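Report on the structure
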Amino acid sequence: MSGSMEFLLWTKGPMFNIAITIFAIGLLVRIAEIVMLGRKKNFAEARAGEWLPGLRTMLTRTVADPGTFQRAPFNVVVGWIWHIGFLIVLLLFLPHIALIESLTGLSWPALPNPIISLVTAVTLVALLATLVHRMTHPVKRRISTVEDYIVWAVVFAVVLTGWLAYYRLVHPYPLILGMHILAAEIMLILLPFTKLTHIFTAFIARWYNGAAFGRKGVQS
């Protein structure tokens, strides 16, 4: 027990500080790179504003258009299931809210634990389905990279270890809780340097596209 407790304290202390530092610096560098890329000055007369079209595109591109849904219904449905499930567990599970409050001072009501447990189980199944689909779909299997599988494994590990810790299915308990925290810290470290960055950059890109089209007076 002493070894597992020391491991848990290490994940909550030194490793947590390392992960937060790398995540913050990496994300700032990534955002700075995007800002420094800039865009060429547009000398054409603006036909409309940029902010509102940009915000509209951020919202409309979040929901798949009918054409995309018809071409890839599995990607749309299962992708939505596990993304929403992950966010629900991350933001509406009481211990996670307590952690956020300790870091930011912000707090909000949590969902009942049985609902969180159900959402977690559905998210795990959806993540497994995405892996099987990636490995069996001819095109996806061909274009998938090592990074794709690493990102999947880290996200799956975060959800799985959290579920195992909730039901105390691994003994001693501090060990599985520490593994869950460590998995989340690895995800934080990888986030600025992998495709996980789309958590932040996707909305920036959508706004930029909408603003560019809005300036021309056309809908993105």
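Residues numbered from 1 in each chain as written. Predicted model: local features only at pLDDT ≥ 70, side-chain atom pairs only at ≥ 80, totals over all residues. Heavy atoms only, no water.

The name given to the protein chain in an unreviewed UniProt entry is Nitrate reductase, and the organism recorded there is Thiocapsa imhoffii.

This part is about the overall build of the protein chain. Summing up its helical and strand segments, the protein chain has 11 helices and zero strands in all. Reading the helices (α) and strands (β) of the protein chain from amino to carboxyl end gives α-α-α-α-α-α-α-α-α-α-α. Going through the 220 residues of the protein chain one by one, you find that 30% of them count as buried. In the protein chain, the proportion of contacts linking residues at least 24 apart, taken out of those at least 6 apart, comes to 70%. (Helix = DSSP H or I, 4+ residues; strand = E, 2+ residues; numbered from the N terminus. Buried < 20%, exposed > 50% of the residue type's maximum accessible area, 1.4 Å probe, protein only. Contact = heavy atoms within 4.5 Å.)

Core analysis: the biggest nonpolar cluster contains 20 residues, and Trp82, Phe86, Leu127, Val155, Met187 and Leu196 have the highest contact counts within it. If you list the elements that add at least two residues to this core, you get helix H2 (14-37), helix H5 (73-92), helix H7 (113-136), helix H9 (146-166) and helix H10 (173-190). Top element by residues in this core is H9. It accounts for seven residues. (Core = buried A, V, L, I, M, F, W, Y, C linked by side-chain atoms within 4.5 Å.)

We now examine H7. Under the 1.5 Å per step criterion, the end-to-end length of H7 is 35 Å for 24 residues, consistent within 8% with the ideal 34 Å. Buried positions along H7 lie against H5, helix H8 (138-143) and H9. (Expected span 1.5 Å × (residues − 1).)

A grouping of Phe69, Val77, Ile81, Leu118 and Val122 is seen on the molecular surface, where their side chains present a nonpolar patch of about 420 Å² in accessible area. Put simply, the parts of the chain that give the nonpolar patch at least two residues each are H5 and H7. Given a relative accessible area of 57%, leucine 118 falls into the exposed group. (Patch = residues over 30% accessible without salt bridge, like charges linked within 9 Å, V, L, I, M, F, W, Y side chains within 5 Å. Areas by Shrake-Rupley, 256 points an atom, 1.4 Å probe, with all protein chains shown as cover. Salt bridge = Lys/Arg side-chain N within 4 Å of Asp/Glu carboxyl O.)

The next thing to look at is the UniProt feature "transmembrane region" (unreviewed entry) in the protein chain. As annotated by UniProt and renumbered to match this structure, "transmembrane region" (unreviewed entry) occupies residues 15-37, 77-98, 110-129 and 149-167. Strand forms 0% of residues 15-37 and helix 100%; the C-alpha atoms that close the span are 33 Å apart. In residues 149-167, helix accounts for 95% and strand for 0%; the two terminal C-alpha atoms are 27 Å from one another. (UniProt positions renumbered as here; feature names shortened; annotations may be inferred.)

The next point concerns the packing of aromatic side chains. The geometry of two aromatic rings is summed up by the distance between their centres and the angle between their planes. Under the definition given, this model contains five aromatic pairs. Where phenylalanine 93 meets tyrosine 166, the ring centres are 6.2 Å apart and the plane angle is 70°; that geometry is what we call edge-to-face. Here phenylalanine 93 is found in the loop between H5 and helix H6 (94-104), whereas its partner tyrosine 166 is found in helix H9, with 73 residues between them in sequence. When its relative accessible area of 14% is taken as the criterion, phenylalanine 93 is described as buried. Through successive ring pairs, a cluster of aromatic residues spans Phe93, Trp163, Tyr166 and Tyr167. A cation over an aromatic ring shows up here: arginine 168 above the ring of tyrosine 173, its NZ or CZ 3.9 Å from the ring centre. (Phe/Tyr/Trp six-rings, centres within 6.5 Å; stacked < 30°, edge-to-face > 60°. Lys NZ or Arg CZ within 6 Å of the ring centre and 35° of its normal.)

Counted under the stated rule, the structure contains three salt bridges. Two residues, aspartate 148 and arginine 134, come together in a salt bridge whose shortest N-O distance is 3.7 Å. Of this pair, aspartate 148 sits in helix H9 while arginine 134 is found in helix H7, placing the two residues 14 residues apart along the sequence. The partner of lysine 195 in a salt bridge is aspartate 148, and the shortest N-O contact between them spans 2.7 Å. Of this pair, lysine 195 sits in the loop between H10 and helix H11 (198-216) while aspartate 148 sits in helix H9, placing them 47 residues apart in sequence.

Here valine 89 shows up in helix H5. Residues valine 89 and asparagine 113, spaced 24 residues apart in sequence, show a C-alpha to C-alpha distance of 9.8 Å. The contact partners of valine 89, leaving out residues within four places of it in the chain, are His96, Ile116, Val119 and Thr120.

A word on the packing of H9 against H10. At a minimum axis separation of 8 Å, H9 and H10 run at an interaxial angle of 150°. In terms of axis orientation, H9 runs roughly antiparallel to H10. The handedness of the crossing between H9 and H10 is left-handed. Contacts from Ile150, Val154, Val155, Ala157, Val158, Thr161, Gly162, Leu164 and Ala165 of H9 reach H10 at Tyr173, Ile176, Leu177, Met179, His180, Ala183, Ala184, Ile186, Met187 and Leu190. Tallied by class, the residues present in the contact of H9 with H10 amount to 16 nonpolar, three polar and no charged. (Axes fitted to C-alpha atoms, helices over the stretch in contact; angles between N-to-C directions. Parallel < 35°, antiparallel > 145°, perpendicular 65-115°, else oblique. Left-handed = near helix turned anticlockwise from the far one by under 90°. Nonpolar A, V, L, I, M, F, W, Y, C, P; charged D, E, K, R; others polar.)

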